[in-house]
Amino acid sequence: MSCRIIAIANQKGGVGKTTTTVNLAASLARMGKDVLVVDLDPQGNATTGSGVDKNQLEFGVYDILFDESSVKKAILHSKEGQFDILGSNRSLVGAEIELVQELAREMKLKLALNTVKDKYDYILIDSPPTLTLLTINGLVAADFILVPMVCEYYALEGISDLIATINKIKKSKINPSLEIIGLVRTMFDSRNNLSKEVSGQLEEYFESDLFKTTIPRNIKLAEAPSHGLPGIAYDKNSKGAQSYLDLAKELNKKIKKLS
Ligand code: ATP
Ligand code: MG
């Protein structure tokens, strides 16, 4: 299988982008897939949640944006996650400003990942919650976007912002084939009436673009990052971990069907 690059994105904050990136990566790895996680968020949460100390990074995403030959030396391995990771920390905030002066500034991540993508089945990019040049770099490098969302009142607003961004990128011809691979309902509570109602609307509106697997609100998923572990490694039998294993299977099937 050729490498699929998937950006995990939603311009709304706190919807489970990072939790989804790390746990999906660990789940795909447990299915025997070679996976690279790219932490494109200066908060560095995906880095920490993979068990890598973000303050001790010798090289990271910052470096590869300006020197694509540094990718190989910047790749670290998450032992518990069983995937590779390009980490980040607050220094990435500076990249945002420096990138503005670069030629082909939207293409930097894509060019860097091109040098290693042959080694992987999946590259998952954790995006920041804002629409910055970093986020754009992720969307330009990606084949697909996976959108985590919480079933609450303003959920659809965040999605329409994201769809507008995707359409702009497609129109600009920088990445005309960018598509949403699916939306995933996170922190889902099937007993909550509002959750149920919004979820029903999503099913109607997005149909097959909505993953059937839902991710429940689960304390183990929230606890895991403080131990530097993906939920899958922290408590494999928890409902949260099991749901990400299901999501990985559903994603893999969907991708296979497309190729
Ligand atoms: P940001 O926009 O700041 O990058 P995010 O979209 O990456 O946020 P996360 O950091 O993954 O979101 O999740 C936000 C918070 O919710 C975190 O504290 C996380 O541990 C918790 N969380 C995420 N998913 C779940 C879940 N299924 N059950 C319980 N807690 C969760
Ligand atoms: Mg995040």
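Scroll up a little and you will see the structure.
My aim in this report is to walk through the structure given alongside it, one point at a time. (Residues numbered from 1 in each chain as written. Chains lettered and ligands numbered in written order. Predicted model: local features only at pLDDT ≥ 70, side-chain atom pairs only at ≥ 80, totals over all residues. Heavy atoms only, no water.)

Here's the deal with the pattern of salt bridges
According to the stated counting rule, one finds seven salt bridges in the structure shown. A salt bridge links Glu 106 to Arg 105; its shortest N-O distance comes to 3.7 Å. By relative accessible area, which is 30% here, Arg 105 ends up partly exposed. The residue Asp 189 makes a salt bridge to Arg 191 at a minimum N-O spacing of 3.6 Å. A relative accessible area of 24% places Asp 189 in the partly exposed class. (Salt bridge = Lys/Arg side-chain N within 4 Å of Asp/Glu carboxyl O. Buried < 20%, exposed > 50% of the residue type's maximum accessible area, 1.4 Å probe, protein only.)

A word on the sheet that holds strand β7 (residues 179-186)
What links the strands of a sheet is backbone hydrogen bonding, and the strands pair in either a parallel or an antiparallel sense. Strand order across the open sheet formed by seven strands is β3-β4-β2-β5-β1-β6-β7, with mixed pairing between neighbours. What marks the edges here is a single partner per strand, and that holds for β3 (76-78) and β7. Across the sheet, the axes of successive neighbouring strands diverge by a mean angle of 25 degrees, strand direction being ignored. The sheet contact formed by strand β6 (residues 144-150) and β7 spans seven bridges and is parallel. Paired with Ile 145 across the bridge in β7 is Ile 180. (Pairing = 2+ DSSP bridges. Helix = DSSP H or I, 4+ residues; strand = E, 2+ residues; numbered from the N terminus. Axes fitted to C-alpha atoms, helices over the stretch in contact; angles between N-to-C directions.)

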